[in-house]
Amino acid sequence: MVRVRYAPSPTGLLHIGNARTAIFNYLFARHHGGKFIIRIEDTDVERNVEGGEKSQLDNLSWLGIDWDESPDKGGPYGPYRQLERLDLYKKYADMLLEKGLAYKEYRDDSENYGIRFKVPKKKTYEFDDLVRGKLTFQSEEVEDWIIVKDNGIPTYNFAVVIDDHFMKITHVLRGEEHITNTPKQIMVYEAFGWDVPLFGHMTLIVNEEKKKLSKRDKNIVQFISQYKDLGYLPEALLNFITLLGWSPPINEEILSKEELIKLFDSNRLTKAPSMFDKDKLTFINHTYIKKMSEEEFLEFVRPFLENAGIKKEEDWLLKFSSMLQDRCSYGAQIVDLYNEFFKKEFKLTEEALDFLKQDEFTLLIETLKKNLSKSDFSLEKISEAIKKSGQEAEKKGKNLYMPVRIATTGLLHGPELAKMIYLLGKETVIKRIDKILEILEGKKI
Ligand code: GLU
């Protein structure tokens, strides 16, 4: 049975790169009907941050990932936090001391000692990486290395082997930066005579300049919680991240979690660095947003509107959000769109003014004012008033809708006209029309 794990160090927020490791392991496990385990690698005590573990797990859950064994869920091979397994590491380090495969190293005049692994001489280490194929290392490239520090805490390369062995891990899928650690880990497996799992090292994620994504790179939002706060959808993010270093065997990139589980196989992990393409993420998120029902979309953007202090009636909100749904690539954008269409001062652009001047529109705008003033300002009546004004003033097509749009919104283009007029409200619209009439009558430019 396939057993894989995601083994984060609780040193900070869940990063895109770590999320990818977790997602690939998760999809691999589910694809093969295996188990997905979460183990917390907290032996680098100074780097642990408070809340780091919780942030990892909460953000994975948000992405739609679930797991079978973990510190919070327990399981048959726990505990699942390394600092709770120190006795086990000690026992196996002592065993290596006894066998003469490791040695003690005292520091200064202290009684405590570290334990160093004795690297075999003139040995070749070889493994068949699921992504990169055959990789070979010589033991001469590796110095004797510390497996347990003098404070009794094991180093990563030692603890990881003990844990992967006792947790019966079959496949280790992790970031490329661990390739050079792999020979050290194989040495430990061999020292105990244990089976070595299969390794697969995933490609680097690079930025648009082809440089390794660094946490300091300000151009790219890199933490899952930040995407959540901006109004990215978990399904879209999961979809996008899966395409960083893996490609589907079909000609379709918008894939649900269920489809990804079905399609995910390790043969299609890519060797070449994978570029973090922001536009692609925007496109995928936009695609998922467009698929939501109008009601779902309103619920999705409501917290952003509330946070921005935008308070309106339900009916207004639903018409407003549904009108802008197609224009939103992420949730927080709804506030920008609100500001653009409903908060900005009413002002004609040069182009809009030119359009109004190219023909005689005064009669049309006057008629529009008359008809809108009379109407009860329902969406239906607004549409009727526009049409009727066109008939009365003998304008149609572009010569009807463009001046009406300009007179009510100040813009040449924008969302659905009748809805915009409805959402702006009668008072505002009439005031705007009056202003336009003044301009057309040459009183004010
Ligand atoms: N704790 C290690 C990391 O966060 C895990 C590496 C591994 O999967 O072996 O990089």
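These figures come from a predicted structure and were not determined experimentally.

Chemist: Would you take a moment to explain the site of the ligand for this structure?
Modeler: Taken together, Arg5, Ala7, Ser9, Glu41, Tyr156, Val160, Arg174 and His178 make up the full set of residues adjacent to the ligand. Take Glu41: an N or O atom from its side chain is 2.6 Å from a nitrogen atom of the ligand. The separation between an oxygen atom of the ligand and a polar side-chain atom of Arg174 is 2.8 Å. For the ligand, whose free accessible area comes to 300 Å², the fraction covered by protein is 83%. Residue composition of the shell around the ligand, grouped by class: 3 nonpolar, 2 polar and 3 charged.

Chemist: Sorry if this is basic, but what is going on with unusual backbone geometry here?
Modeler: With the exception of glycine, most residues fall at negative phi, and the peptide bonds are largely trans. At the junction of Gly78 and Pro79, the peptide bond is cis and its omega measures out at 0° in the coordinates. Mapped onto the fold, Pro79 is located in the loop between α2 (52–62) and α3 (86–99). One non-glycine residue, Asp108, adopts positive backbone phi at about 45°. By relative accessible area, which is 71% here, Asp108 ends up exposed.

Chemist: Teacher, can you tell me more about the pairing of strand β2 (residues 35–38) here?
Modeler: A regular strand places its side chains on the two faces of the sheet in alternate fashion. As paired strands, strand β1 (residues 3–6) and β2 are joined by 4 bridges and run parallel to one another. Pairing of Val4 across the sheet is with Phe36, part of β2. Assessed by its sense of winding, the connection that carries the chain from β1 through helix α1 (residues 16–31) to β2 is right-handed.

Chemist: Got a minute to help me understand the pattern of salt bridges in this structure?
Modeler: If the charged atoms of two oppositely charged side chains come close together, the side chains can form a pair. Counting across every chain of the model gives 28 salt bridges. Across the salt bridge formed by Glu69 and Arg3, the nearest N and O atoms sit 2.9 Å from each other. On the criterion of sequence distance, the pair formed by Glu69 in the loop between α2 and α3 and Arg3 in strand β1 is long-range, its members being 66 residues apart. Exposure class is identical for Glu69 and Arg3. Each is buried.

Chemist: Explanation requested: the packing of aromatic side chains in the structure shown.
Modeler: Centre distance and the angle of the planes are the two values used to describe a pair of aromatic rings. Evaluated as defined, the whole model comprises 24 aromatic pairs. Here Phe297 and Phe300 contribute two aromatic rings whose centre-to-centre distance is 6.4 Å and whose plane-to-plane angle is 50°, an arrangement assigned as tilted. Taken as a pair, Phe297 and Phe300 lie in helix α10 (residues 294–307) at a separation of 3 residues, close to a single helical turn. Here Phe297 matches Phe300 in class, with each residue buried. Lying over the aromatic face of Tyr113, Lys104 brings its terminal NZ or CZ to 4.7 Å of the ring centre. Positioned above the aromatic ring of Tyr288 is the side chain of Lys291, whose terminal nitrogen or guanidinium carbon lies 4.9 Å from the ring centre.

Cut-offs used in this document
Residues numbered from 1 in each chain as written. Predicted model: local features only at pLDDT ≥ 70, side-chain atom pairs only at ≥ 80, totals over all residues. Heavy atoms only, no water. Near = heavy atom within 4 Å. Polar contact = N/O pair within 3.5 Å; in protein donor to acceptor, adjacent residues only side chain to side chain. Areas by Shrake-Rupley, 256 points an atom, 1.4 Å probe, with all protein chains shown as cover. Nonpolar A, V, L, I, M, F, W, Y, C, P; charged D, E, K, R; others polar. Helix = DSSP H or I, 4+ residues; strand = E, 2+ residues; numbered from the N terminus. Buried < 20%, exposed > 50% of the residue type's maximum accessible area, 1.4 Å probe, protein only. Pairing = 2+ DSSP bridges. Right-handed = clockwise from strand over helix to strand, strands pointing away. Salt bridge = Lys/Arg side-chain N within 4 Å of Asp/Glu carboxyl O. Phe/Tyr/Trp six-rings, centres within 6.5 Å; stacked < 30°, edge-to-face > 60°. Lys NZ or Arg CZ within 6 Å of the ring centre and 35° of its normal.

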